[in-house]
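Observations on the three-dimensional arrangement
One letter stands for each residue in the lines below.
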Amino acid sequence: MKARILPVACIAAVLWAAASAGAAEDVFAFIPPGGRTLLARVLGTHPPAQEVNALLAAKRTREEWQAWLRSRAGPMPVVAKLSDKELATLADYMAFNLPLPPGKVAPSAAQAALEKALPMDGRDMTLDKCQGCHIITVVITQDRTREAWLGTMNKPSHVQIKLSKDQREALANYLVLNAAIPIDDVPKELRAGGASY
């Protein structure tokens, strides 16, 4: 009996290890990064602390942040590498979330630590809040206006989702900029299904 159990246990362990290794990959990597990740990427290049502190303490509109970021493309080369969509996503995130309370983020922190210290972004909210009822494909493949997204979020089936008014607006903005992902870009295992309510 023990002779049979050992090979089965070994096979199970190998399969578990293989599944765990595959799980380490981000199955949602096809969904564009949100502002939190993009801001952590910019801050992770360790620009001068004085500039980081000034950035985190400033309040600007999305358009003002876009102009400010474009003006920093030289001193912050990572900004020059952002696509127009990423730049708009980052500027929108900054408009909703900055200024941060003093001391919330250490300017010299590593990128992973920065990401943990920053508020959730639209991608985070999409993955955290929308998947409770939907397969992610239902959300990220839709091409909708901001008003249409907000209309959905204010329907009785969605109002119980714990998001503030500002978070709902930030989520709608993220989806306008980053949803409408072609179904062929979605991994096959995420294409089936739909709303579960």
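The preceding data block contains the structure.
Residues numbered from 1 in each chain as written. Predicted model: local features only at pLDDT ≥ 70, side-chain atom pairs only at ≥ 80, totals over all residues. Heavy atoms only, no water.

Okay, the pattern of salt bridges next. All chains considered together, the criterion is met by eight salt bridges. Measuring nitrogen to oxygen at the nearest pair gives 3.3 Å for the salt bridge that ties Arg123 to Asp26. Pair noted here: Arg123 is in helix H8 (residues 122-129) and Asp26 is in the loop between helix H1 (2-23) and helix H2 (35-43), with a separation of 97 residues, a long-range link. According to the relative accessible area criterion, Asp26 is partly exposed, its value standing at 43%. A salt bridge links Glu86 to Arg41; the shortest N-O distance between them is 4.0 Å. One end of the pair, Glu86, is in helix H6 (residues 84-97); the other, Arg41, is in helix H2, and 45 residues separate them in sequence. (Salt bridge = Lys/Arg side-chain N within 4 Å of Asp/Glu carboxyl O. Helix = DSSP H or I, 4+ residues; strand = E, 2+ residues; numbered from the N terminus. Buried < 20%, exposed > 50% of the residue type's maximum accessible area, 1.4 Å probe, protein only.)

A word on empty space enclosed by the protein. Enumeration over the complete set of coordinates arrives at one cavity of 30 Å³ or more. Counted as a void, the largest cavity has a volume near 70 Å³. Lining the largest cavity are Gly34, Gly35, Thr89, Asp92, Tyr93, Asp121, Gly122, Ala170, Tyr174 and Leu177. For the lining of the largest cavity, a count of residues per class yields four nonpolar, four polar and two charged. (1 Å grid on protein atoms, 1.4 Å probe; cavity = no way out; pocket = protein on both sides within 12 Å on 5 of 7 lines; lining within 4 Å. Points joined across faces, edges and corners; volume = space filled by probe spheres on them. Nonpolar A, V, L, I, M, F, W, Y, C, P; charged D, E, K, R; others polar.)

To describe two helices that pack against each other, one gives the angle between their axes and the distance between the axes. Taken N-terminus to C-terminus, the directions of H6 and helix H11 (residues 165-178) make an angle of 175 degrees; their axes are 10 Å apart at the nearest point. Relative to H11, the element H6 is oriented roughly antiparallel. Between H6 and H11, the contacting residues are Lys85, Ala88, Thr89, Asp92 and Phe96 on the first element and Asp166, Glu169, Ala170, Asn173, Tyr174, Leu177 and Asn178 on the second. Classifying every residue of the contact of H6 with H11 by side-chain character gives five nonpolar, three polar and four charged. (Axes fitted to C-alpha atoms, helices over the stretch in contact; angles between N-to-C directions. Parallel < 35°, antiparallel > 145°, perpendicular 65-115°, else oblique. Contact = heavy atoms within 4.5 Å.)

The next thing to look at is the environment of Leu98. Note on placement: Leu98 falls in the loop between H6 and helix H7 (111-117). Leu98 sits 21 residues away from Pro119 along the chain, and the two C-alpha atoms are 9.7 Å apart. With residues near it in sequence (within four places) discarded, Leu98 still touches Leu55, Leu56, Ala58, Lys59 and Trp65.

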